[in-house]
Every structure is written in structure tokens, then in C-alpha cells.
Amino acid sequence: MLSCRTLLGNLRQLHQCCISKQAFHRNYYAQSYLCQQHIPQINNVLREQEFPFACARHGTFIQEEPQLGNQYLEDPLLQSYLKRHVPEKVFKAIQPDLIKFGDRVAGEMYQLGRECEIQEPYLEQYSAWGCRIDQLVTGPAWRKMHDISAEEGLIAIAYEREFAEWSRVYGMAKLYLNCPSSGLYSCPLAMTDGAAKIIESLGEAMPSLQEQAFMRLTSRDPQKFWTSGQWMTEKRGGSDVANGTETVAVEQADGSYRLYGYKWFSSATDADMTFTLARVVDKHGQTVQGTKGLSLFYMEVHKEDGSLNGIEIVKLKNKLGTRQLPTAELLLDGAVAWMTSDEGRGVPAISNMLKITRMHNSLAAASSMRRMVNLARDYSTRRKAFGRTLKNYPLHVRTLASMEVEARGALILCLENTRLLGREDCGIADDQDENLIRLLVPLSKLYSGKQALTVATEGLESFGGQGYIEDTGLPSILRDAQVLSIWEGTTNILSLDVLRAIAKSRGEVLTAFVQDVASRMSHVSNPHLEKSAEKVVNASQAIVQFVQKNATNQDVLELAARDLAFSLCRTYTGALLVDHAASDLGSAQDIYTAKRWCEKDLTLMVTNDNSGHYGNKTSSLDFDLVFDGYTDRNRLK
């Protein structure tokens, strides 16, 4: 007979294998192997078997994951803005499609977007037999996004002009819903929209482009639909294209050009065509440096036989985020291209494309915030902590409310930019509209990029530890948001662009800004909004006064450029929110949003000027602080 100690050890081993009580009784009690004095110990072991995590069971609690509802119907500001501004007949015509698409992005496309994150693109540079093939491989979900984009008319809608100036608003509303579910296919769509805008602006000057490219870029047929790249960035610089572009163009007998250069950061590498900048080589083999030497070229990525058009894919970029999107370093070695601008007028010619892509960047930021807020809001109804669901903790809800205010502010500025662009598309924009577009596009882009990062970070925190887990899909929202303040011009670059807009227009963009703010606020009669309206008007006037005071002091304006841009954006967004809240369609939530927004410091540059931030010694003090402790003094000479 085995000892009781040995039998208890065997019992625990059997318990770990999840034997049943009946099996134990049959094997032990029935055979009378154990002494009566060990029966309490045996019973304790058997009771352990019933614990929730015993026998390799994982317990009974499973946390519900956040769910997405219809993304159009769950966006009250988008609905009310459209209902307020779009003619009733047009609104009734487009709303059923927006509702239908709101379901699609929350279901099928949301899953496809997650698959795009998993199925990252990769490059096969050589065949099994050693031939250089440079084959870019993308996943089936990415290719499906191409087809859906065509079927849904995400680019086509704005150019079909079925609803005249409101076609742009309709198209952008769908793109806004699409962005966070697109698996970053929103990026090639942005450049495709910009390319279509360039070609449309050429009119009959290049009929071949209208037939070959424009019809494909704006097609609803997946078999015909093309996407475009925008290959500007080179090794020497990103935003500084004037000094950073080394690519040269050699004219051929048939009027085409062959391009030779190295494109350092080429997004949407799987595009069908692209626009790029290059310097024309004259008959003496020389090029003109600076902005005046740059011309704009149209180039198809593949030849008729399917091979690359004088392009070598050197490598794919290993990026922090947006890993779903193939971005590459490219060598142009005799790529055939066609000049689409006047020689030396490449930068002005590309401005239409940059305007569109910057608007898409703002749209991506606004939609990223909306997605994070929607997920966090739903999660707050499912997650319990310390005996209560998160939605029942006022502090948690207040945090979500702060995120909601940012999301609404970003959206309403995007929608207003889109409304103005629709007027420009149809040739009915007046000087006031054009001046506002020139000012608001860079403002929206630079500010929304910062907002998106803040909301993404706060949003992840609202999920606790799950916000840090890749499997949830949440961390990618933060990683992808990081690029929004970098692509299409960093915050500082665009702040300086705002200064240039003010200078080149001789202050007309600021005049348009102040007049529009004053006009909107003059109609506010809701007593709950009067203080906010007054603050917005006062802020707009203070901004103009600051610029006028320092008109001859460029050093101060440049040092204050970021604060000035933030102040302009905050003030104008405040005006839009107050104006909307004061309308017949304004809700109690709209009023609260407007008031919360206007609690911000709307005149950062005045606040910081009063604190001496732009004084004569500020720059040297900043420099000394930054390089305090820096050991390579030779590099500071």
C-alpha cells in the first residue's frame, strides 16, 4: 500500500489533469487507499478543483470590447452642419448614401482596415533567378480598399459636380467617414484628389491628360480607377523644395522629358501615376537653382508592358506608423515624364495639389479624433471599475467631453474649408472666399495635427492597459496620428506659411478673417453665447493689432508665428462653433461645445508678448538653454 503522503501527491497531479470527483472516489475511496485522517485534506483538494481558474480554466470574466455604431448617425455635428448649409433638395438626395456608408465603415471596412495593418506591404527586389524586378506586394485588404474607393465615388463625387458646389462637401463628408476605417488608403486618395485638381485646372491645355489620367482618377469603375502619388521630398530637404530638389529633366525629341534623381520619401508607391518636381537641363547642361528652376512633371509609374518606368525601388521606409501605406525611396533613372507647368513655374503649379492634400490631412486628423472618442465613449458603457461603469464617473466623462470638444472644433473648420473649396471648384468663389481659403487651409492643417495627437494620447489612457495592447487596434491610432503634424508641412513651416499669406496679400487675408468673424458674431442673440461671441470678436481684433504693431519687425513675427497661427485657428474655430450653436439647428450640446472652446486662450501671442517671450534677448536665451551642456562647440560656430 502507498503512503498517504504519496497518494496526496498523486491526487494533486490528477487534480491538475482535471479528473472528476467521481473518478477520484472510484480510484481512491473505493480502493480504501487513504487513511480516514486524510479525508479533510482530500476534500480541500477537491474543492480547489471548483475554483474559477483551476483546471486551466481562464475564469468567467471577459471584458466586452468597444463597438462602433453607424458613424454618420453617431456624428451629430456632421449631420446638423450638412442640414444647415446644404440645400434641402441636395441634403435629401445625399443623406441616404451617407447613412449607408456610415454602416459600411463601421462594419466591413473597419475589418478590412485592421487587415491592412496586419498585411503590411513588402518589396521583392529580385526574382528567384536573380533578375531585378522591384515588385511591391500589397495585401488583399489594401487592394479591396482601392475597389471600394472607386465604387463609393470617394474621388469621383467632387468632380462629377452633380450637386454643383455642394459636391465637394458631399465627397469630403464621405472621405471623413472613410479615413479611420481605410487602413491608410486615405493617403493615396488625398494625392489622387490633388492630382485630379491639378489636371482639371489645366483645362484644355493638355487634352491627353484629361483623357488618359483625369478620367481614370475620377472613375467609379475599379478596373479603370487610378491613384496618384506626390513625389516631392528628396534627400536634401522636405518642405524646402527650392533648395532640396536635385532631380533633373532632360528634354527629348518628342517633347517628353527623362527624369534623373532620388526621391527620398515617396508615399503611395503603388500609385499608377505621380506628379513630381525637377529642374530642366538647358542646352549647355546647366540648371537654374532655387524656386525659379523648378518645373512640374506628370509621370506614369509603369510602362505599357507593366514594367517600371525608369524607376528603381531602393527600399521601403520603416516608419513609426502608417505602416499599411507603402512609402519608398526611389531612384529615377531616365523615367519618361511630361511637363505640365510653364518652365520654372512648378511650385505655383503644385499649389492646388498641396491645398487639397493639406485639407485631407486636416480631415484625417478630425476623423481620427472622432473614431477615438466614439470608441472611448462606447467603452465607458461597458467597462466597470470599483463597482461602477466608467460612464458613471464624472471625472472620466469630463475627460471624454474635453476630447469631444476638440473633435468638434476640428470637424467644423474642415467642413467650412470644404464649403469654400466647393465654391472655388465651381468658379463662384469671391475674393473673400479666396482669402479665407488661403489662410484657413494651413491653419486647419497645423492645428488639427496637434489636436489629433492630444486626443489619441488621452483616448488610449481612457482604455487603461488595453489602450497599450496592439491586438486591440488602438495603439495604431496614436502611431498614425503622429504623422499628421509632419506630412504636408510641419507646424513651424505652416506657421511661417501663414505669415507669408498675410504678407503677400498685404493683409487682405486678415481683413477677410476679421470681417467674417464680425459678421458671424453680429447674428448671435442667444444670451448663453453672448460672452463667447464677444470674446471671439475681441480676439480677432487683438490678433490684427498685434500683426500691425509688429509689421516692420520680422524677427518678432517669426518668433511669434506659431502662437499667432494657433490664435488665428482657435479664434476662427470659436466663431464657427458659436455661429453654429446660435443657429436654428444648434443644440444644447452645441452651445456647451462653443462655450468650452472659447474658454481657451484665443490670443496666445498677446499673452506671451506680455510675458516678454518675443523680446530682443529671447532668441539668444532660447539658444543658450537648448545647447547648455552640448559638448561639440565647433558645431555651434
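The preceding data block contains the structure.
Residues numbered from 1 in each chain as written. Predicted model: local features only at pLDDT ≥ 70, side-chain atom pairs only at ≥ 80, totals over all residues. Heavy atoms only, no water.

1. Overview of the packing of helix H4 (residues 76-85) against helix H9 (residues 166-178)
Link 1 in the chain: One way to put it is that H4 packs onto H9 with a least axis distance of 12 Å and a crossing angle of 175 degrees. Considering the angle they form, H4 stands roughly antiparallel to H9. Between H4 and H9, the residues in contact are Leu 78, Leu 82 and His 85 and Trp 166, Val 169, Ala 173, Tyr 176 and Leu 177, respectively.
Link 2 in the chain: For the contact of H4 with H9, a count of residues per class yields 7 nonpolar, 1 polar and no charged. (Axes fitted to C-alpha atoms, helices over the stretch in contact; angles between N-to-C directions. Helix = DSSP H or I, 4+ residues; strand = E, 2+ residues; numbered from the N terminus. Parallel < 35°, antiparallel > 145°, perpendicular 65-115°, else oblique. Contact = heavy atoms within 4.5 Å. Nonpolar A, V, L, I, M, F, W, Y, C, P; charged D, E, K, R; others polar.)

2. Focus on the pairing of strand S9 (residues 327-339)
Consecutive residues of a regular strand have side chains that alternate between opposite faces of the sheet.
Link 1 in the chain: The pairing of strand S5 (residues 257-267) with S9 spans 9 bridges and is classified as antiparallel. Bridge pairing in S9 links Tyr 262 to Leu 331.
Link 2 in the chain: Note: strand S7 (residues 294-300) against S9, 2 bridges, orientation antiparallel. The residue bridging Phe 297 from the neighbouring strand is Met 339, located in S9.
Link 3 in the chain: In terms of strand pairing, strand S8 (residues 311-316) meets S9 through 5 bridges, oriented antiparallel. When the sheet's bridge partners are listed, Lys 315 is paired in S9 with Glu 329. (Pairing = 2+ DSSP bridges.)

3. Quick look at the pattern of salt bridges
Link 1 in the chain: Here the structure, examined in full by the defined rule, presents 39 salt bridges.
Link 2 in the chain: Residue Arg 132 pairs with Asp 134 through a salt bridge whose shortest N-O separation is 2.6 Å.
Link 3 in the chain: The class for Asp 134 is buried, based on a relative accessible area of 6%.
Link 4 in the chain: With its nearest N and O atoms 2.6 Å apart, the salt bridge here joins Glu 470 to Arg 479.
Link 5 in the chain: Counted as one network, the salt bridges with shared partners bring together Arg 84, Glu 416, Arg 419, Asp 516, Arg 520 and Asp 579. (Salt bridge = Lys/Arg side-chain N within 4 Å of Asp/Glu carboxyl O. Buried < 20%, exposed > 50% of the residue type's maximum accessible area, 1.4 Å probe, protein only.)

4. Brief notes about the environment of Gln 125
Link 1 in the chain: Along the chain, Gln 125 turns up in strand S1 (residues 122-126).
Link 2 in the chain: On the accessibility criterion, Gln 125 (24% relative accessible area) is partly exposed.
Link 3 in the chain: Sequence separation between Gln 125 and Glu 312 is 187 residues; the distance between their C-alpha atoms is 9.2 Å.
Link 4 in the chain: Ignoring sequence-local partners within four residues, the contact set of Gln 125 consists of Cys 131, Arg 132, Ile 133, Asp 134, Ile 313, Val 314 and Lys 315.
Link 5 in the chain: Only 2.8 Å separates the side chain of Gln 125 from the backbone oxygen of Val 314, close enough to count as a polar contact. (Polar contact = N/O pair within 3.5 Å; in protein donor to acceptor, adjacent residues only side chain to side chain.)

5. Some remarks on the nonpolar core
A general feature of soluble globular proteins is that nonpolar side chains tend to end up buried together.
Link 1 in the chain: By size, the foremost hydrophobic cluster in this structure holds 154 residues, and its most contacted members are Leu 78, Leu 82, Phe 275, Leu 443 and Leu 568.
Link 2 in the chain: It is helix H13 (residues 346-380) that provides the largest number of residues to this core, a total of 14 residues.
Link 3 in the chain: Leaving out residues up to four positions away in the same chain, Leu 443 has contacts with Val 498, Ala 565, Leu 568 and Cys 569.
Link 4 in the chain: One finds Tyr 257, Leu 308, Ile 311 and Leu 316 within the second-largest nonpolar core, a separate group that totals 20 residues. (Core = buried A, V, L, I, M, F, W, Y, C linked by side-chain atoms within 4.5 Å.)

6. Description of the side chain of Asn 608
Link 1 in the chain: Secondary-structure assignment places Asn 608 in helix H23 (residues 604-610).
Link 2 in the chain: Using a relative accessible area of 14% as the deciding quantity, one classes Asn 608 as buried.
Link 3 in the chain: Dropping the residues within four chain positions of it, Asn 608 is found in contact with Asp 563, His 613 and Tyr 614.

7. Quick notes on a negative patch on the surface
Link 1 in the chain: Taken together, the side chains of Asp 430, Asp 431, Glu 434 and Glu 508 present a region of like negative charge at the surface.
Link 2 in the chain: Turning to its location among the elements, Glu 508 is positioned in helix H18 (residues 508-521).
Link 3 in the chain: Residue Glu 508 is classed as partly exposed on the basis of its relative accessible area, which comes to 47%. (Patch = residues over 30% accessible without salt bridge, like charges linked within 9 Å, V, L, I, M, F, W, Y side chains within 5 Å. Areas by Shrake-Rupley, 256 points an atom, 1.4 Å probe, with all protein chains shown as cover. Lys, Arg positive; Asp, Glu negative; His and termini not counted. Charge placed at Lys NZ, Arg CZ, Asp CG, Glu CD.)

8. With respect to the packing of helix H19 (residues 530-549) against helix H21 (residues 561-581)
Link 1 in the chain: Contact geometry of H19 with H21 gives a least axis separation of 9 Å together with a crossing angle of 150 degrees. In terms of their interaxial angle, H19 and H21 are classed as roughly antiparallel. At the point where H19 passes H21, the crossing takes the left-handed sense. Residues Ser 532, Ala 533, Val 536, Ala 539, Ser 540, Ile 543 and Val 547 of H19 form the contact with H21, whose participating residues are Leu 564, Ser 567, Leu 568, Thr 571, Gly 574, Ala 575 and Val 578. (Left-handed = near helix turned anticlockwise from the far one by under 90°.)

9. Some thoughts on the environment of Leu 439
Link 1 in the chain: Within the secondary structure layout, Leu 439 lies in helix H15 (residues 431-462).
Link 2 in the chain: On a C-alpha basis, the gap between Leu 439 and Leu 568 in space is 9.1 Å, while along the polypeptide they are 129 residues apart.
Link 3 in the chain: Once residues lying within four places of it in the same chain are set aside, the contact partners of Leu 439 are Val 498, Val 509, Phe 513 and Leu 568.

10. Quick notes on the state of the cysteines
Link 1 in the chain: For the structure shown, the criterion picks out 0 disulfides.
Link 2 in the chain: Free of any disulfide, Cys 116 has its nearest neighbouring cysteine sulfur in Cys 187, separated by 13 Å.
Link 3 in the chain: By relative accessible area, which is 2% here, Cys 116 ends up buried.
Link 4 in the chain: This cysteine, Cys 426, is not joined by any disulfide, and Cys 414 carries the nearest cysteine sulfur, 20 Å off.
Link 5 in the chain: Of the residues examined, Cys 426 reaches a relative accessible area of 30% and is grouped as partly exposed. (Disulfide = S-S within 2.5 Å.)

11. With respect to the side chain of Thr 327
Link 1 in the chain: Its location among the elements puts Thr 327 in strand S9.
Link 2 in the chain: Polar contacts involving the side chain of Thr 327 include one to the side chain of Ser 267, which spans 3.4 Å.
Link 3 in the chain: Beyond its immediate sequence surroundings of up to four residues, Thr 327 is in contact with Phe 265, Ser 266, Ser 267, Thr 269, Lys 315, Leu 316, Lys 317 and Lys 319.

12. With respect to helix H17 (residues 491-504)
Link 1 in the chain: With 14 residues, H17 extends 20 Å between its outermost C-alpha atoms, agreeing within 8% with the 20 Å of an ideal straight helix rising 1.5 Å per residue.
Link 2 in the chain: Those residues of H17 lying buried are Thr 491, Leu 494, Ser 495, Asp 497, Val 498, Leu 499, Ala 501 and Ile 502.
Link 3 in the chain: On the buried face of H17, the contacting elements are H13, H15, H18, H19, helix H20 (554-559) and H21.
Link 4 in the chain: The first or second residue beyond H17 is Arg 506, which carries a positive phi of 55 degrees. (Expected span 1.5 Å × (residues − 1).)

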